[in-house]
Amino acid sequence: MTNSDFNKIICQRISSLRKEHSLTLEQLAYQCGISKGGLSEIERNMKEPRAYTIIKICTGLGITMKDFFDFKEINDFMDKL
C-alpha cells in the first residue's frame, strides 16, 4: 500500500460522506469554508487533503474525526501496513 492508495481511500470517503448527507459540492464547500473547486479536486483525487482540511470537512458534515476514519476500507488499509 502506498501514500497514493491512502489518498484515494480518503478522497472517496469524503465524496461518499457528502452523498450520504445529501449535500451538493457547493453546499459542503460552503459549510466547510473551502472552495467548491478545491473540494471537487479532492473528491476526484486530484488534490491531497491536508489534516486541517479534513477537520473542516468533518465540521461541515457534523461528524467527528473518529466517525470520519471509522470505515472498512481504512481498516483494511491499516491491516496491510
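Bear in mind the structure is a predicted one, so any value in this text is a computation, not a measurement.

### Digging into the packing of aromatic side chains
In this description, an aromatic ring pair is defined by two values, namely the gap between the centres and the angle between the planes.
Stage number 1. In total, this model carries two aromatic pairs according to the counting rule given.
Stage number 2. Ring centres of Phe6 and Phe77 lie 5.5 Å apart, and the angle between their planes is 45 degrees; this geometry places the pair in the tilted category. Here Phe6, found in helix α1 (residues 3–20), pairs with Phe77, found in helix α6 (residues 72–79); they are 71 residues apart in sequence, far enough to count as distant.
Stage number 3. You can call Phe77 buried: its relative accessible area is 6%.
Stage number 4. Ring geometry for Phe68 against Phe69: centres 4.9 Å apart, planes inclined by 80 degrees, an arrangement best described as edge-to-face.

### Concerning the nonpolar core
Stage number 1. Among the nonpolar cores identified, the biggest contains 22 residues, and Ile14, Leu28, Leu39, Ile57, Leu61 and Phe68 are the most heavily contacted of them.
Stage number 2. Going through the elements one at a time, α1, α2 (25–32), α3 (36–43), α4 (51–61) and α6 are the ones with two or more residues in this core.

### Let's talk about unusual backbone geometry
Excluding glycine, residues mostly carry a negative phi; peptide bonds, for their part, are mostly trans.
Stage number 1. Notably, Ser22 is not glycine yet its phi reads approximately 55 degrees, a positive angle.
Stage number 2. Within the fold, Ser22 resides in the loop between α1 and α2.
Stage number 3. Its relative accessible area of 62% is what places Ser22 among the exposed residues.
Stage number 4. Even without a glycine there, the phi angle at Asn45 is positive, about 60 degrees.
Stage number 5. With respect to the element layout, Asn45 can be found in the loop between α3 and α4.

The rules we used
- Residues numbered from 1 in each chain as written.
- Predicted model: local features only at pLDDT ≥ 70, side-chain atom pairs only at ≥ 80, totals over all residues.
- Heavy atoms only, no water.
- Phe/Tyr/Trp six-rings, centres within 6.5 Å; stacked < 30°, edge-to-face > 60°.
- Helix = DSSP H or I, 4+ residues; strand = E, 2+ residues; numbered from the N terminus.
- Buried < 20%, exposed > 50% of the residue type's maximum accessible area, 1.4 Å probe, protein only.
- Core = buried A, V, L, I, M, F, W, Y, C linked by side-chain atoms within 4.5 Å.

Fair warning: the whole summary comes from geometry, so function is off the table for now.
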